[in-house]
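A closer look at the structure
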Amino acid sequence: MKRIATFFLLFFSLQAFSQELNDLITPITDTNMDLPGDLFRGSRLGNGHTTRLSHDGELTMIVSHRFGEIKGGMYELFGLDQATMRIGFEYGFSDRFNLGFGRSTYQKTYDLFAKYKLFRSTGQKPIESAVAGGFSIPTIKNLFPTGNNNVNDRSSYWGQLLLAVPLPSFSLQAMPTFLRSNYLPQTGKANNVFSLGAGASARLSKMVSLNVEYYYHISNTYPDASNPLTFGVDIETGGHLFQLIVSNTQTMFEKGFLSDNHGHWGDGNIYFGFNLIRVFYLK
C-alpha cells in the first residue's frame, strides 16, 4: 500500500506544471472522435502503450535503445557500453485500428500486436478507451531445453485495457494487463502475470512533456520479478518525437518488462535510454 500511495502522489504533484487542456492538445482528423485532441504525444508512454494510435495511413517507426546500468560508472560509461535495442513499426488501417510488429536484441525476440480504440466520450470528465493485445517469441538458440523448444512453449501472449482521462494539468491512464508465458526455462513451467498499470503525462510546453509509468504485479511467479517504474521526457523536434527514458527495466516489450524484469531502483538497477519515433504518411 505504501508503494501505491507513493506512486499516486507522484501523479498529483505534476499539477504544478498545469496549463489549460485546450492549449495542450492538437486537433485530430478522425470525425468519429468527439474530443478535441490526443491525450498523449506518442503511442508509448515509456515502455507500454497509450490510448493514442497511428491515424489512417500513417506508418510509425519506433527505434528504442536501453543502455546498461548507470551505476557501472566511467568504466562502462554509465551503461553506454551495454545496450539492448528494439525497432518496431505500427500502421494505422484506420483511425481506430492499428497493427504493429518489432524485433528486439533481447533474446532475439519478435513481437506482434494489435490495438483498437473503443471510444472517446464527451462531457466535463471525458474518458478515452482502447484495447491492445499481442504475441512475442524469442528465437535465441540454446535457451529452451530440447523437449520444450517448440513454437508453443516459446510463445507469450498479453492483453490490456487502456483507460485515459484528461485532468486540468495532465492526462492520466490506467492499464490493467494480463500476460501468459507458456514455458519459462528458469522455472520449467508456465507463468501468468496480472498487473495493474498506471501512468500520467503532463505537458510542460508545446514541445515537452513529463511522463511516469508504473506496473504493480498482483501476481507473478517469475523468480525475483520486480515492478517496472519508468520516468520519461517527450521532446517534439518537428519531424520526430524523442522520448528520454529512465527505468528499472532494460527491455521494451511486454513479456520482457512485465515478466523478466529484475531491476530495483533501491539497488541502483537504473537504465537510461530513449525512443525515437518517426511518422510516415502513406496515404
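Provided above is the structure to which this section pertains.
For the structure given in this document, a descriptive report is provided here. All of these numbers come straight from a predicted model, not from anything done at the bench. (Residues numbered from 1 in each chain as written. Predicted model: local features only at pLDDT ≥ 70, side-chain atom pairs only at ≥ 80, totals over all residues. Heavy atoms only, no water.)

**Quick word on the overall build of the protein**
The following threshold applies: For the purposes of this entry, the term helix denotes a DSSP run of H or I that reaches at least four residues, the term strand denotes a run of E that reaches at least two, and both are numbered from the N terminus. For the exposure calls, accessible area comes from a 1.4 Å probe over protein chains only, and a residue counts as buried if that area is under 20% of its type's maximum, exposed if over 50%, partly exposed in between. Residue contacts are counted whenever heavy atoms from the two residues lie within 4.5 Å of one another. Areas reported here follow the Shrake-Rupley algorithm with a probe of radius 1.4 Å; residue values treat only the protein chains shown as occluding.
Helices and strands together make up the secondary structure of the protein, namely three helices and 12 strands. Per-residue burial for the protein yields a buried fraction of 49% across its 283 residues. A fraction of 58% describes how many contacts in the protein between residues 6 or more apart in sequence connect residues 24 or more apart. Split by element, the accessible area of the protein, about 13200 Å² in all, is 62% carbon and sulfur.

**Digging into the sheet that holds strand S11 (residues 240–247)**
Backbone hydrogen bonds are what pair the strands of a sheet, in a parallel or an antiparallel way. Spelled out, the test is: Only strands joined by at least two bridges in the DSSP assignment are considered to pair. Lines fitted to C-alpha atoms define the axes here, with helix axes fitted over just the stretch in contact, and angles between the N-to-C directions of these axes take values from 0 to 180 degrees.
Taken in spatial order, the 12 strands of this closed barrel run S1-S2-S3-S4-S5-S6-S7-S8-S9-S10-S11-S12, and their pairing is antiparallel. Averaged over all neighbouring strand pairs, the angle between strand axes comes to 20°, with direction disregarded. Bridge count between strand S1 (residues 58–69) and strand S12 (residues 271–281): 10 bridges; the pairing is antiparallel. Bridging across to S12, Glu-69 finds its partner in Tyr-271.

**A short note on the environment of Phe-272**
Inspection of the secondary structure puts Phe-272 in strand S12. Using a relative accessible area of 30% as the deciding quantity, one classes Phe-272 as partly exposed. In this structure the C-alpha to C-alpha distance between Phe-272 and Gly-232, which are 40 residues apart in sequence, comes to 9.7 Å. Leave out the neighbours within four places in its chain, and Phe-272 touches Arg-66, Phe-67, Gly-68, Ile-70, Leu-244, Ile-245 and Val-246.

**Details of the nonpolar core**
Here is a general trend for soluble globular proteins: nonpolar side chains tend to be buried in one another's company. Applicable threshold: In this text, buried Ala, Val, Leu, Ile, Met, Phe, Trp, Tyr and Cys residues form a nonpolar core when linked through side-chain atoms within 4.5 Å.
Counting residues in hydrophobic clusters, the biggest one holds 15 residues, and the most contacted among them are Phe-40, Trp-158, Met-175, Leu-179, Tyr-215 and Leu-258. Elements that contribute at least two residues to this core include exactly strand S5 (128–138), strand S6 (156–166), strand S7 (171–184) and helix H3 (254–259). When residues of this core are assigned to their parent elements, the largest contribution, three residues, is made by S6. One finds Phe-170, Ala-202, Tyr-214 and Leu-229 within the second-largest nonpolar core, a separate group that totals six residues.

**Observations concerning the packing of aromatic side chains**
Let me state the cut-off plainly: Between the rings of Phe, Tyr and Trp (Trp by its six-membered ring), a pair exists once the centres lie within 6.5 Å; its type follows the angle of the planes, with under 30 degrees stacked, over 60 edge-to-face, and the other angles tilted. Look at NZ for Lys and CZ for Arg. If either is within 6 Å of the ring centre and within 35 degrees of the ring normal, a charge sits over the ring.
By the definition in use, this model includes 12 aromatic pairs. Look at Phe-144 and Tyr-183: their rings are 6.3 Å apart centre to centre, the planes differ by 40°, and that puts the pair in the tilted class. Residue Phe-144 is located in the loop between S5 and helix H2 (151–154), and its partner Tyr-183 is located in strand S7; the two are separated by 39 residues in the primary sequence. Exposure class is identical for Phe-144 and Tyr-183. Each is buried. Ring pairing ties together the aromatic residues Phe-67, Phe-242, Phe-272 and Phe-274, which thus form one cluster. Just above the ring of Phe-280 sits the side chain of Arg-278; from NZ or CZ to the centre is 5.7 Å.

**So, a nonpolar patch on the surface**
Note the threshold: Patches were defined on residues exceeding 30% relative accessible area and lacking a salt bridge, with like-charge contacts within 9 Å and nonpolar side-chain contacts (Val, Leu, Ile, Met, Phe, Trp, Tyr) within 5 Å. Definition used for salt bridges: Asp or Glu carboxyl oxygen within 4 Å of a side-chain nitrogen of Lys or Arg.
Side chains of Tyr-116, Leu-118, Phe-119, Ile-127, Val-131, Leu-161 and Leu-163 sit close together on the surface and give an oily, nonpolar patch of about 520 Å² of accessible area. Breaking the nonpolar patch down by element, the ones donating at least two residues are strand S4 (109–120) and S6. Here the element with the most residues in the nonpolar patch is S4; it accounts for three residues. Looking at the element boundaries, Leu-163 is found in strand S6.

**Here we look at empty space enclosed by the protein**
How we decide: Only protein atoms enter the 1 Å grid used here, on which a cavity is any set of points holding a 1.4 Å probe that cannot leave and a pocket is any open set flanked by protein within 12 Å on both sides along at least five of seven lines; residues with an atom within 4 Å of a point are listed as lining. Grid points are joined across faces, edges and corners, and a volume is the space filled by probe spheres set on the points. Side-chain classes follow a simple rule in which Ala, Val, Leu, Ile, Met, Phe, Trp, Tyr, Cys and Pro form the nonpolar group, Asp, Glu, Lys and Arg form the charged group, and the remainder, Gly included, forms the polar group.
This model, assessed by the stated rule, comprises five cavities of 30 Å³ or more. Its boundaries defined by the atoms lining it, the largest cavity holds a volume of some 110 Å³. Considering the residues around the largest cavity, the lining is formed by 18 residues, among which Gln-107, Pro-138, Phe-144, Lys-255 and Asp-260 are closest to the centre. Elements that contribute at least two residues to the lining of the largest cavity include exactly S5, H2 and S7. Grouping the amino acids of the lining of the largest cavity by side-chain chemistry returns seven nonpolar, seven polar and four charged.

**Describing the pairing of S6**
Of the pairings in the sheet, the one linking S5 to S6 comprises nine bridges and is antiparallel in character. Residue Ser-129 lies in a different strand from S6, and its bridge partner there is Leu-163. Looking at chain direction, S6 and S7 are connected through nine bridges and run antiparallel. Looking at S7, one finds that Gly-159 is bridged to Phe-178. Joining the antiparallel neighbours S6 and S7 is a turn of four residues.

**Section: the side chain of Arg-66**
Selection criterion: Neither His nor the chain termini are counted; the positive set is Lys and Arg, and the negative set is Asp and Glu. Polar contact is defined as a pair of N or O atoms within 3.5 Å, subject to the rule that within protein one atom must be able to donate a hydrogen and the other to accept it, and that residues adjacent in sequence are counted only when both atoms are side-chain atoms.
Tracing the backbone through its elements, the reader meets Arg-66 in strand S1. Among buried charged residues, Arg-66 stands out as having no salt bridge; its nearest opposite-charge side chain is Glu-213, 7.4 Å away. Within the structure, Arg-66 has its side chain in polar contact with the side chain of Asn-275 (distance 3.1 Å). In contact with Arg-66, not counting residues within four places along its chain, are Gly-46, Asn-47, Gln-82, Ala-83, Thr-84, Ile-245, Gln-250, Met-252, Phe-272, Gly-273, Phe-274 and Asn-275.

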